[in-house]
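Survey of secondary and tertiary structure
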Amino acid sequence: MKHYFTLLSHEIRMLLVSPSTYIAATAFLAFMGFMFTGILENYSKQAQEVSPAHQFFLFFWLPVFFMVPLLTMKCLAEERRLGTLETLLTTPVTTTEVVLGKYSAAYLLYLALWLSTGGFFYVLKHFSGDMRFVDPGPLVGGYVFIAVSGLLFIAIGVFASSLSRNQAVAGILGFTMLFALIIGNGFLADASWLDREALRPFKAAVTTMQITSHRDDFVRGVVDTRHLLFYLSGTVLALIFSILGVEAKLLHS
Amino acid sequence: MSEPPSAIEVSRLFKTYGGVAAVSDISFNVARGEIIGFLGPNGAGKSTTMRILTGYVPATSGSVKICGVPVATHADEIKRFIGYMPENNPLPEDMRVSEYMYFRGRLKEVPRRKLGPRIDEVLEICDLKRVRHKIIGQLSKGFRQRVGIAEAILAEPPVIIMDEPTIGLDPHQILIVRDLIAGLRGRMTVIISSHILPEIEMTCDRVLIINQGRVVAQGTPADLRREILGHSSYKLEVRGDLTALPGILTALQPTLRVTHQDEPDAAGFVALTLRADCDDELGEALLRALLARDYRVRALGRVHPTLEDVFLAATRRSWDSIAPRVPTAAERKPTIEPPASPG
């Protein structure tokens, strides 16, 4: 792990000097701001049951679907296409360090983008002057959920990037996997054929993996260790597969 | 062991990709401080061999040792011994030269304190000081190539492996690179591959010709000439009775004969090409014999075959059949293992 911080600081520096980071951040904030304004419009029309923060995190998957693949599709696929992966791996650096360095940089950027949406709530509080709108419970819970689930989402994106040398393929692959995990899983949980006796354990697994229900728990302020464990183990698994993906490609390069 | 292990030991190396052999049965040794050149047509297995040496790609079978350390089991350790510049010299497009050098130096575990002066030194050696703050993506091919070379020698590794370092350079830059590599002689072991044969001939102590994944010849350029071609040629411009000439030639050396004859020019001189199937120097004896017979000689010179001829002959021969390996200069000298010859 000696080179992890060298690689991480290199990746972060590269992100900070790259114009695409700022373009992505601006677009992300514009989109989220649009959504936030929409939520506030509803409040101005009629009273709602839940706080704006609660509604805001309801649509977490929308930015996840396009931001995560965009942030991660480049990291390993581009290095492999340019051949810089070869120069990187012929220095005393392990594949694990490379993958972790890239993963951490992408995760930190993801986190930074989400945290910048905190500004919306500040603006809301400042201009409404009403603390009822800024309910700290769902707000903190929502951001904790974003931070914890982001671990897994970014790891899945990195894994997709490790499978291809083409950024577009990696991006679409990442999108598909995230879609299957977040939306596909929901469909599966509702499927009636899973109600059979023999498939009960499978059904139980699918129900536990409901990411939208995790979100509801977090936003309600319930931090369940089972959820944490699910995201952490999923992250570790996806990262191990990414490392194997990079190394398997070397065997056949 | 009293003497230090050689820098690179490769024995019986095989590499197959999905049933197709890229490298089959390559063995060679490189002494410390030696500069060795890999020659071979495209797809001969040069790059694959180099990648195996760096530990980037595992071999199918066989053993590679860098400075006495086996690559297969100690890949992490040998990466500290190697400076590697891959084919096509991939570089990150959006970094500045000095930033890139700093990043690579940190990865190669150059102490932070030494890194700054060392970067200055390397940039000076490679004549990159002018562009140190430029973005790599905006540099010309020659500069990029030199950035790759500077990066390879940055950590002062004992072994440097460069895949086609002079590709795409202009003659002036090739000269710089050649001097650069020659400057490493004795301090670092260098393996380079190239298509530019005079390049190899001028810089390398020893040449390895690889074709279809096999070593078809190895030795110094001079050895290879003698052993692969096995004949010598002379150019002669002479005036006199040409009918008696073959007799004089065979008297000197039984295999010496005229292979080509031009028409006489205005002064009556005829340009001839002679060839003998041995490598002895015949020039002086030939001159004496001709002058003794009252021939008028305007020019006599030995034709030095280029490495190109050797290369073509060696690769052609290996395509015809797998030729027996030519004993190298190193092998003819007594090595660590006693020679198998009787007595």
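Residues numbered from 1 in each chain as written. Chains lettered and ligands numbered in written order. Predicted model: local features only at pLDDT ≥ 70, side-chain atom pairs only at ≥ 80, totals over all residues.

**A word on the domain arrangement of chain B**
The condition that has to hold: Bear in mind that the domain bounds are from an automatic or database domain assignment.
Assigned domains within chain B: domain 1 (8-227 + 310-332) and domain 2 (231-303). Taking only C-alpha atoms into account, the centre of domain 1 of chain B sits 43 Å from that of domain 2 of chain B.

**Examining the sheet that holds strand S11 (residues 232-239) of chain B**
All names here are of chain B. Rules: Pairing between two strands is assigned when DSSP locates at least 2 bridges connecting them. Comment: elements are numbered from the N terminus, with helices defined as DSSP H or I runs of at least four residues and strands as E runs of at least two. Note on method: axes are straight lines fitted to C-alpha atoms, helices fitted across the in-contact stretch only, with angles between N-to-C directions ranging 0 to 180 degrees. Two residues form a contact once the distance between their C-beta atoms, set from the backbone, is within 7 Å.
Pairing within the open sheet is antiparallel, and its four strands lie in the order S12-S13-S11-S14. Every other strand in the sheet has two partners, leaving strand S12 (257-261) and strand S14 (296-303) as the edge strands with one partner each. Strand after strand, the sheet turns through a mean of 25° between neighbouring axes, direction not considered. Note: S11 against strand S13 (residues 270-276), seven bridges, orientation antiparallel. In the sheet register, Tyr-234 faces S13, and the bridge partner there is Leu-274. Against the sheet, helix H10 (residues 283-292) engages S11 and S14, with an angle of about 165° to S14.

**Some words on unusual backbone geometry**
Backbone phi values are negative for most residues with the exception of glycine, while trans is the configuration of most peptide bonds. Residue and element names in this part refer to chain B. Convention followed: Three classes are used. A residue is buried when 20 or more other C-beta atoms lie within 10 Å of its own, exposed when 12 or fewer do, and partly exposed in between, with C-beta atoms placed from the backbone.
Backbone geometry places Asn-88, a non-glycine residue, at a positive phi of 65°. Looking at the element boundaries, Asn-88 is found in the loop between strand S6 (82-85) and helix H3 (97-107). If you check the backbone angles, Asn-89 has positive phi at about 45° while not being a glycine. Judged by the 23 C-beta atoms lying within 10 Å of it, Asn-89 is buried.

**Focus: helix H4 (residues 112-125) of chain B**
Residue and element names in this part refer to chain B. The line we're drawing: Expected span, for any helix, means 1.5 Å times one less than how many residues it has.
Helix length check: H4 (14 residues) gives 20 Å between terminal C-alpha atoms against 20 Å at 1.5 Å per residue, within 8%. All of the buried residues along H4 are Ile-119, Val-122 and Leu-123. Here the buried face of H4 lies against H3 and helix H5 (141-153). Once H4 finishes, Asp-127 follows within two positions and takes phi at roughly 60°, a positive value.

**Digging into the nonpolar core**
What counts, and what does not: Joining buried Ala, Val, Leu, Ile, Met, Phe, Trp, Tyr and Cys residues through C-beta atoms within 7 Å gives a set, and that set is a nonpolar core.
In this structure, Ala-106, Ile-154, Ala-155 and Val-158 of chain A together with Ile-66 and Ala-150 of chain B are the most contacted members of the largest nonpolar core, which totals 129 residues. Grouped together as the second largest cluster of nonpolar side chains are eight residues, Leu-245, Leu-249, Leu-282 and Leu-286 of chain B included.

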